[in-house]
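# Geometric and topological summary
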Amino acid sequence: MEQDFSFVRRMYFPTMVFQVEVPDPTELNNKLLSNIYSERERDQKGISRSNIPELGGWHSHNDLHKSNDYADLVNLISQATGKMSDNLGYADSHHVRIGTMWSIINPPGSANRAHVHPGCLWSGVYYIQAPEKCGQIEFIEPRTVHLMNQAKFQPNKKRNKENWTKVRFTPKAGRMLIFPSWLYHAVDPNLTTEKGDAANRVIISFNLNQVKKPK
Ligand SMILES: [Fe+2]
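The shown structure was predicted, so the numbers you read here are calculated from the model rather than taken from an experiment.

### Section: the sheet that holds strand β3 (residues 94-106)
Taken in spatial order, the six strands make up an open sheet running β1-β8-β5-β10-β3-β2, and their pairing is antiparallel. Edge positions in the open sheet fall to β1 (18-21) and β2 (58-59), since each of these has one partner strand only. Inspection of the sheet shows strand β5 (residues 122-129) paired to strand β10 (residues 201-212) by seven bridges, in the antiparallel sense. Within the sheet, the bridge partner assigned to tyrosine 127 lies in β10 and is isoleucine 203. Here helix α1 (residues 26-42) sits on the sheet and contacts β2, β3, β5 and β10; the angle it forms with β5, its principal contact strand, is near 100 degrees. Contacts from helix α2 (residues 71-88) reach β1, β3, β5, β8 (175-180) and β10 within the one sheet, and its direction differs from that of β3 by about 130 degrees.

### What to know about unusual backbone geometry
The phi torsion at lysine 133 lies on the positive side, around 65 degrees, for a residue other than glycine. Of note, lysine 133 is situated in the loop between β5 and β6 (137-140). For lysine 133, a count of 16 C-beta atoms within 10 Å translates into the label partly exposed.

### Focus: the nonpolar core
Grouped together as the largest cluster of nonpolar side chains are 32 residues, with contacts concentrated most on Leu73, Met101, Tyr126, Ile128, Ile203 and Ile204. Of all the elements in the fold, those that place two or more residues in this core are α1, α2, β3, β5, β6, β8 and β10. Of the residues forming this core, the biggest block, six residues, is contributed by β3. Ignoring any residue separated from it by four or fewer positions in sequence, one finds isoleucine 203 in contact with Ser103, Ile104, Val125, Tyr126, Tyr127 and Ile128.

Reading the values: the criteria
Residues numbered from 1 in each chain as written. Predicted model: local features only at pLDDT ≥ 70, side-chain atom pairs only at ≥ 80, totals over all residues. Pairing = 2+ DSSP bridges. Helix = DSSP H or I, 4+ residues; strand = E, 2+ residues; numbered from the N terminus. Contact = placed C-beta atoms within 7 Å. Axes fitted to C-alpha atoms, helices over the stretch in contact; angles between N-to-C directions. Buried ≥ 20, exposed ≤ 12 C-beta atoms within 10 Å, placed from the backbone. Core = buried A, V, L, I, M, F, W, Y, C linked by C-beta atoms within 7 Å.

In short, geometric facts, not functional conclusions.
Written out as structure tokens, the structure reads:
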């Protein structure tokens, strides 16, 4: 006879990714694109971070949010982080603000190494130009579970989300992802068949911290 018992699966410590979609981003993105290309013209070398300069990946300086050229995007980010703060139950005395903001241009063949963003709370990316096959972003299982024995799952069947060890998002112009700064992520090589500037994968990325609101 089978024993009667209750059986509950509880879930703790989720990894949250917030996704924002701008329905008609063309005007915003065209303005951003032109400002970013001007910035690259001014600072052709850029800086070296997760980008691979040898493959043509360009990374701007980290203070784009201080320029009026990016005010519309800063405003959009601010609206999104306001919703996020409400959703998470953050203190009203503080708001989530941009500490650093930069652009990355990945021409065909360029990618970004796996990395985290130390010294902040949340990080994000906004896609300005994303031709087909320009490189998905991959978030990697953050817990030590991946160092342990791996379970075998039913073959030929998609695993439940909670058993995934990585998740990928396809970049799309007007899409924004906000994710924990400790979450390892990498970007696949840009394999687009587009030519010229249309082939570039262009993004703006940013780091966020909780800052006390002025009284
Ligand atoms: Fe990153």
